[in-house]
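# Coordinate analysis (summary)
If you want the building blocks of each chain, they are given just below.
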Amino acid sequence: MNTTTAGLTHRDRAVLRAVAAGRCEIAPTSGGVLVVDGLRLSDQFTAPRLTAAGLIATAASGLAQLTPSGHALLSAA
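My aim in this report is to walk through the structure given alongside it, one point at a time. In this text the structure is predicted, and so the values were computed from the model without any measurement.

## Quick notes on helix α1 (residues 10-20)
Within α1, the full set of buried residues consists of D12, R13, V15, L16, A18 and V19. Summarising the contacts, the buried residues of α1 are in contact with β1 (24-27), β2 (33-36), α2 (46-52), β4 (56-58), β5 (64-66) and α3 (68-76). One or two steps after α1, the chain reaches G22, where phi turns positive at roughly 80°.

Now the structure itself:
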C-alpha cells in the first residue's frame, strides 16, 4: 500500500501522534485491535491499514511503535 501525507486522514494522523507518544498498544488477543489510553479505538480498520502501510508495528512489549516510514510521514504531515 502506498500511503502519502495527502492520503492520511485526520484520524490516521491523530493515531500516529498517539503511537509516537507511547499511548497505544496493539492487543493480539483481540485480533490486532488498537488500544489508545486503555480504550479500544472505535475504527477497527485504522490499525490494520496503518500496519499494512508500514507506518506502525508492534513492539515485543505489545506497545505500538512508529516505523521509520511512520516517523518520516508524521514529521511531514
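## Examining the pairing of β2
Judged by which residues are buried, β2 turns out to be covered on both faces: V33 and V35 on one side and L34 and V36 on the other are all buried. Where β1 and β2 come together, four bridges link them in antiparallel fashion. Its bridge partner being in β2, I26 is matched across the sheet by L34. By the bridge criterion, two bridges tie β2 to strand β3 (residues 39-40) in an arrangement that is antiparallel. In the sheet register, V35 faces β3, and the bridge partner there is R40. In this structure, the hairpin formed by β2 and β3 is closed by a connection of two residues, where D37 is found at a positive phi of approximately 55°.

The rules we used
- Residues numbered from 1 in each chain as written.
- Predicted model: local features only at pLDDT ≥ 70, side-chain atom pairs only at ≥ 80, totals over all residues.
- Heavy atoms only, no water.
- Buried < 20%, exposed > 50% of the residue type's maximum accessible area, 1.4 Å probe, protein only.
- Helix = DSSP H or I, 4+ residues; strand = E, 2+ residues; numbered from the N terminus.
- Contact = heavy atoms within 4.5 Å.
- Pairing = 2+ DSSP bridges.

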